[in-house]
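Spelled out, the chains give:
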Amino acid sequence: MKYNSVFDIIGPVMIGPSSSHTAGAARIGKAARNLFGEEPKWARIYLYESFAKTYKGHGTDFALVGGLLGFDTDDPRMSKALDIAKNKNMDVEFIEESAGTNHPNTARLIIGNDTDEIELVGISIGGGKVEITELNGFELRLSGNHPAILIMHNDRFGAIASVTKILAKYEINIGHMEVNRKDVGKEALMVIEVDQNVDDTVLKELESADHIIQIAKIVS
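Just so you know, these numbers come straight off a predicted model, no measurement behind them.

(A) Molecular detail of the environment of Met-78. Within the secondary structure layout, Met-78 lies in the loop between helix H4 (60-68) and helix H5 (81-87). Between the C-alpha atom of Met-78 and that of Ala-26, which follows or precedes it by 52 residues, the distance is 8.7 Å.

Right under this line is the structure:
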């Protein structure tokens, strides 16, 4: 694994005990909340391999829920996240899965409210870093460490160009971009990591671009 600085090895400022099982889990939970767009009313959290075996002792359970509540890794409320969620009537269920995965620190989160839900798979790769590898059945590679825009769109000619034209207009630099589709001419998912947080005014203009269905963002 490539590290950019000594701070990547030490890990983030956080409520412990583990950078991979606690801080990383909190970032997975917060990414799910950001992509959902608001605090969910319920969550079904499937834990795999190392996460499933040690989630209570290593604080993975309260960290995931803390992320869903919008807490940063160093938020002093993090260790009380399960109680806070209960007091807010957030219905949370943890399921220990026995199936094997490509990474030992894997969580699948299905979260929602009375009308909407999303499904997300995240892995904690160490030092508090995470990757989101699946969203609503679309495979992707999203670090969660940079601002990002996720754009659901119809798989049509000109959709990608209409988005990149708007980003160029506002001088927003793209650090990483990928597009996944389930079938030709159906829905597709555009994932764009950028160098700065994107204003809502830019998002509204993106929503009006050709063939766009829905937009979500992750802030740094």
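(B) Main features of the packing of helix H6 (residues 159-169) against helix H7 (residues 200-207). At a closest axis distance of 10 Å, the pairing of H6 and H7 adopts a crossing angle of 155°. On the basis of the axis angle, H6 is roughly antiparallel to H7. Helix-helix and strand crossings are classified by hand; for H6 and H7 the assignment is right-handed. Each of Val-163, Ile-166, Leu-167 and Lys-169 in H6 lies in contact with H7, whose residues at this interface are Val-202, Glu-205 and Leu-206. The class makeup of the residues in the contact of H6 with H7 is five nonpolar, no polar and two charged.

(C) Summary view of the domain arrangement of the chain. Segmentation of the chain into domains returns domain 1 (6-142) and domain 2 (148-218). Each of domain 1 and domain 2 has a C-alpha centre, and these two points are 25 Å apart. With eleven residues of domain 1 in contact, the opposing surface of domain 2 contributes 16 residues. Across the interface of domain 1 and domain 2, roughly 1,100 Å² is buried in total on both sides, 71% from carbon and sulfur atoms.

(D) Broad picture of the environment of Gly-70. Along the polypeptide, Gly-70 turns up in the loop between H4 and H5. The exposure class assigned to Gly-70 is partly exposed, which follows from its relative accessible area of 25%. Separated by 40 residues in sequence, Gly-70 and Lys-30 have C-alpha atoms that sit 5.7 Å apart. Among residues more than four places away in sequence, those in contact with Gly-70 are Lys-30 and Arg-33.

The rules behind each value
Starting afresh in each chain, residues are numbered from 1 along the sequence in its written order. The model is predicted, so local features are restricted to residues of pLDDT at least 70 and side-chain atom pairs to those at 80 or more, both for listing and for counting; the totals for chains, interfaces and linings are taken over all residues. Values reported for side chains reflect all heavy atoms of the structure, with hydrogen atoms and water molecules removed beforehand. Where helices and strands are cited, they refer to DSSP runs of H or I of at least four residues and of E of at least two residues respectively, numbered from the N terminus. Orientation is described by lines fitted to C-alpha atoms, with helices fitted over the stretch in contact, and by angles between N-to-C directions that extend from 0 to 180 degrees. Orientation is classified from the angle alone, with under 35 degrees giving roughly parallel, over 145 giving roughly antiparallel, 65 to 115 giving roughly perpendicular, and any other angle giving oblique. Take the far helix as the reference: if the near one is turned anticlockwise from it by less than a right angle, the crossing is left-handed, and if turned clockwise, right-handed. Whether two residues are in contact is decided by their heavy atoms, any of which lying within 4.5 Å being enough. Gly counts as polar in this scheme, as do all residues outside two lists: the nonpolar Ala, Val, Leu, Ile, Met, Phe, Trp, Tyr, Cys and Pro, and the charged Asp, Glu, Lys and Arg. Where each domain starts and ends follows an automatic or database-derived domain assignment. We define buried area as the total accessible area lost by two parts upon association, computed with a 1.4 Å probe and summed across both. Whether a residue is buried, partly exposed or exposed follows from its accessible area with a 1.4 Å probe, protein chains only, as a fraction of its type maximum: under 20%, in between, or over 50%, in that order.

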